[in-house]
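# Structural features, examined
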Amino acid sequence: MDILNLQQKDPFTDTTSNALAIDGYIHIRIQQRNGRKTLTTVQGLPKELDLNKLVKAFKKEFACSGTIVKDEEMGDVIQMSGDQRLKVQQFIVERGITKKDKIKVHGF
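Residues numbered from 1 in each chain as written. Predicted model: local features only at pLDDT ≥ 70, side-chain atom pairs only at ≥ 80, totals over all residues. Heavy atoms only, no water.

Time to look at the packing of helix α2 (residues 51-62) against helix α3 (residues 85-94). Look at α2 against α3: their axes get within 11 Å of each other, and the N-to-C directions meet at 120°. By the criterion of interaxial angle, the relationship of α2 to α3 is oblique. Considering only the axes of α2 and α3, their crossing is right-handed. Packed against α2, whose contacting residues are Leu-54, Ala-57, Phe-58, Glu-61 and Phe-62, the element α3 presents Lys-87, Val-88 and Phe-91 at the interface. Within the contact of α2 with α3, the residues separate by chemical class into six nonpolar, no polar and two charged. (Axes fitted to C-alpha atoms, helices over the stretch in contact; angles between N-to-C directions. Helix = DSSP H or I, 4+ residues; strand = E, 2+ residues; numbered from the N terminus. Parallel < 35°, antiparallel > 145°, perpendicular 65-115°, else oblique. Left-handed = near helix turned anticlockwise from the far one by under 90°. Contact = heavy atoms within 4.5 Å. Nonpolar A, V, L, I, M, F, W, Y, C, P; charged D, E, K, R; others polar.)

This structure, assessed with the given rule, holds three aromatic pairs. With a centroid separation of 5.0 Å and an interplanar angle of 70°, the aromatic rings of Phe-58 and Phe-91 are classed as edge-to-face. You can see Phe-58 sitting in helix α2 and its partner Phe-91 sitting in helix α3, a full 33 residues away along the chain. Phe-91 shares its class with Phe-58; the two are buried. An aromatic cluster is present here, built from Phe-58, Phe-62 and Phe-91 joined pairwise through their rings. Over the aromatic face of Tyr-25 sits the side chain of Lys-102, whose NZ or CZ is 5.2 Å from the ring centroid. Here the basic side chain of Lys-104 rests over the ring of Tyr-25, its NZ or CZ set 4.3 Å away from the ring centre. (Phe/Tyr/Trp six-rings, centres within 6.5 Å; stacked < 30°, edge-to-face > 60°. Buried < 20%, exposed > 50% of the residue type's maximum accessible area, 1.4 Å probe, protein only. Lys NZ or Arg CZ within 6 Å of the ring centre and 35° of its normal.)

Here it is in structure tokens:
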């Protein structure tokens, strides 16, 4: 009986826990809070950006509240109230932070 296949990598191990933060994409997501309330999250922004200034610009441009949340797995994540996905994508592309093909917009 040949058991060499047991030495292979286990397919059920979690190897992609930090993949979202490393893959080079900016992820823009929407999360449902309670009722009709939503939350927009932005992660994967370049490290050289000043996130405090970026959040301040988002808040002024989109007339929403926003904050920076420090996550152990994903690093710094920007949270904003409301559905701001397309506005954030357009803002990032217009300011030359990254190209449109490096942004992934998730959600319903």
